[in-house]
Amino acid sequence: MRIDAHQHFWRYRAKDYPWMSNEMGRLQRDYLPEDLSPLLERQQLQGSITVQARQCDEETTQLLQWATESEGEHAVVGWIDITASDLPARLNAVQHPLLRGFRHQVQDERDPAAWLQQPSVSAGIALLQQQHYVWDMLVTWRHLPALTAFAAQHDHHWLVLDHLGKPDISQGAQAWGAQIAELAAMPHVVCKLSGLVTEAPQGQWQAAQLRPFIEEALARFGPQRLMFGSDWPVCLLAAEYQEVTQLTHQAIEMLSPDEQADIWGNTAAQVYQLLGEKHESVFTG
């Protein structure tokens, strides 16, 4: 199985996506399943994980509808207010066969470290893990110490680090490796090889500049805890879809076929339980 483990859909309305600045003009339009489908087919990918881009229940409902209507293997990482006092009822209301996890845009909180330390967040994550939902983690390299402490407290189901924790490309891969080492040592933490092209300053990147980060991720996580993600359409700010897939292909082509297969889809299939009903999978973190 070959899976794009991280992409987004939206019907664009400016008020719904305040994070899309005027410098992100290419994103300010609709991006729908029919736009992604030929890109997946061209790269011989059988499906994708659609990840939330708005913090609202309505988007999760829409993403689930699109996933249900799409051919191939698809699942959704939606959003839910995990600090809500009625979280159990909210989870009951949103449950769906293709809903595999949730994400909160922690990086956009005024104080991400303080947000992660809230008792209501801890209680919410504990409930999500009890119900076998994956939690995607969106932070930047500045927040990795706080995220490491958070991950150490919540080890009953998979935690997925989006975009390698948005490393500071200018510091180099070895510096990022040192920052990520403690988090990467936790067997329940998985990392997405995604988002690197847009972390390069002004989106001006070269493969030789970014490949060391993938190589460092391989050394820290190993292929069985890495997964390819395009971050489409956000990646279009710096690279076309095929350029993103080519970057990963070139960085891992020295691995064995089985190791490459883990990164291209097997890890995603295990973590997001693409081969069966959500509660039938056994967490092996």
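Structural notes, computed from the coordinates. Bear in mind the structure is a predicted one, so any value in this text is a computation, not a measurement.

**What about the sheet that holds strand S5 (residues 134-137)?**
Okay, step 1: Reading across the sheet, the 8 strands line up as S1-S2-S3-S4-S5-S6-S7-S8 and stay open at both edges, with parallel pairing between neighbours. In this open sheet, the two strands that pair with only one neighbour each are strand S1 (3-7) and strand S8 (226-228). If you compare each strand with its neighbour and ignore which way they point, the axes differ by 25° on average.
Okay, step 2: Contacting strand S2 (47-51), strand S3 (73-78) and strand S4 (99-104), helix H2 (residues 57-69) runs over the sheet at an angle of about 175° to S3.

**Considering helix H7 (residues 173-184)**
Okay, step 1: Over its 12 residues, H7 runs only 14 Å from end to end, short of the ideal 16 Å by more than 12%, given 1.5 Å per residue.
Okay, step 2: For H7, the complete set of buried residues consists of Ala173, Trp176, Gly177, Ile180, Leu183 and Ala184. The buried residues of H7 occupy an angular sector of 115° when projected down its axis, which confines them to one face. Counted as exposed and oriented over 90 degrees from the buried face of H7: Gln174, Ala178 and Glu182.

**Regarding the environment of Leu36**
Okay, step 1: With respect to the element layout, Leu36 can be found in helix H1 (residues 33-42).
Okay, step 2: A sequence separation of 40 residues divides Leu36 from Val76, and the C-alpha atoms of the two residues are 15 Å apart.
Okay, step 3: Once you skip the residues sitting within four places of it in the chain, Leu36 turns out to touch Gln7, Phe9, Ser48, Trp232 and Tyr241.

Cut-offs used in this document
- Residues numbered from 1 in each chain as written.
- Predicted model: local features only at pLDDT ≥ 70, side-chain atom pairs only at ≥ 80, totals over all residues.
- Heavy atoms only, no water.
- Pairing = 2+ DSSP bridges.
- Helix = DSSP H or I, 4+ residues; strand = E, 2+ residues; numbered from the N terminus.
- Axes fitted to C-alpha atoms, helices over the stretch in contact; angles between N-to-C directions.
- Contact = heavy atoms within 4.5 Å.
- Expected span 1.5 Å × (residues − 1).
- Buried < 20%, exposed > 50% of the residue type's maximum accessible area, 1.4 Å probe, protein only.
- Arc of directions from axis to C-beta.

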